[in-house]
Amino acid sequence: MKKLLSLMLIVFPAIIFSQQENVPLDNDVYSFLKEMNVKGIIRGIHDDSPNMSRFEVDSFLKIIESHYTELSNTEIDLLNKYKIEFCPESANKENTFQLFGNDDSFKGVTSDLLSDKIKYTYAYKNKDGNFFLNTIGRIVGGSVFKPSMNNSQLYDIGVTMRGTVF
């Protein structure tokens, strides 16, 4: 009975509460949005509540796009870059690259792998939901030659993932 109650406490709240994808605080889009707030194009950016959802960022980018004539060339380039990342309708095969997923896999790997496109290890896009997975990692090696030889290697491997349902 305790196992059933524990399972219900875990599963039912997950079903009841809505889902919200937040943009990490270290993302450069926050600086762009603050600049647009200072410029007077958008309102509602506050430093006391810095974390925003992807939906909020998408809404702000659409407002900024409606003031296209007031933007400099650099701001237009940044807007287009952030639209690809945060506006699902702006992302397509010409501006994103995925290694695996529901589009053509391994197509143009050599040319797109080193391009400026937004890259995903795995991407699934559908009208009912989406899922994006990226792998991250680094290798660090070190050695000491005196007084004795000690070699060390450090491997950091991880994944970042995000997605929505419905």
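What counts and what doesn't
- Residues numbered from 1 in each chain as written.
- Predicted model: local features only at pLDDT ≥ 70, side-chain atom pairs only at ≥ 80, totals over all residues.
- Heavy atoms only, no water.
- Helix = DSSP H or I, 4+ residues; strand = E, 2+ residues; numbered from the N terminus.
- Areas by Shrake-Rupley, 256 points an atom, 1.4 Å probe, with all protein chains shown as cover.
- Expected span 1.5 Å × (residues − 1).
- Buried < 20%, exposed > 50% of the residue type's maximum accessible area, 1.4 Å probe, protein only.
- Patch = residues over 30% accessible without salt bridge, like charges linked within 9 Å, V, L, I, M, F, W, Y side chains within 5 Å.
- Salt bridge = Lys/Arg side-chain N within 4 Å of Asp/Glu carboxyl O.
- Axes fitted to C-alpha atoms, helices over the stretch in contact; angles between N-to-C directions.
- Left-handed = near helix turned anticlockwise from the far one by under 90°.
- Contact = heavy atoms within 4.5 Å.
- Nonpolar A, V, L, I, M, F, W, Y, C, P; charged D, E, K, R; others polar.
- Pairing = 2+ DSSP bridges.

J.: Teacher, can you tell me more about the overall build of the protein chain here?
T.: Broken down by element type, the protein chain carries five helices and four strands. Shown N-terminal to C-terminal, the secondary structure of the protein chain runs as helices and strands in the order α-α-α-α-β-α-β-β-β. Carbon together with sulfur atoms contributes 59% to the accessible area of the protein chain, which is approximately 12,200 Å² in total.

J.: Can you walk me through helix α4 (residues 73-86) in this structure?
T.: Because each turn of an α-helix spans 3.6 residues, side chains separated by three or four positions in sequence point in the same direction. For α4, built from 14 residues, the straight-helix expectation of 20 Å at 1.5 Å per residue is met to within 8% by its first-to-last C-alpha distance of 20 Å. For α4, the full list of buried residues reads Glu-75, Ile-76, Leu-79, Tyr-82, Lys-83, Ile-84 and Phe-86.

J.: Teacher, can you tell me more about a nonpolar patch on the surface here?
T.: There is a patch of nonpolar side chains on the surface, built from Phe-100, Tyr-122, Tyr-124, Phe-131, Val-159 and Met-161 and spanning about 530 Å² of accessible area. For the nonpolar patch, the secondary-structure elements that each account for two or more residues are β2 (118-126) and β4 (150-165). Turning to its location among the elements, Met-161 is positioned in strand β4. We classify Met-161 as exposed; its relative accessible area is 56%.

J.: Before we go on, may I ask you to explain the packing of helix α3 (residues 54-66) against α4 in this structure?
T.: Packed helix pairs are characterised by how far apart their axes lie and by the angle those axes make with each other. At their nearest, the axes of α3 and α4 sit 10 Å apart, and the two run at 145° to each other. Viewed along their axes, α3 and α4 form a crossing whose handedness is left-handed. Across the interface between the two elements, Arg-54, Val-57, Asp-58, Leu-61, Ile-64 and Glu-65 from α3 touch Leu-79, Tyr-82, Lys-83, Glu-85 and Phe-86 from α4. Each residue belonging to the contact of α3 with α4 can be placed in one class, and the counts come to six nonpolar, no polar and five charged.

J.: When you look at the pairing of strand β3 (residues 129-144) in this model, what are you seeing that I'm missing?
T.: Walk down a regular strand and you will see the side chains alternate between the two sheet faces. Here β2 pairs with β3 via five bridges, running antiparallel. Opposite Tyr-122, over in β3, you have Leu-133 as the bridge partner. As consecutive antiparallel partners, β2 and β3 are separated by two residues.

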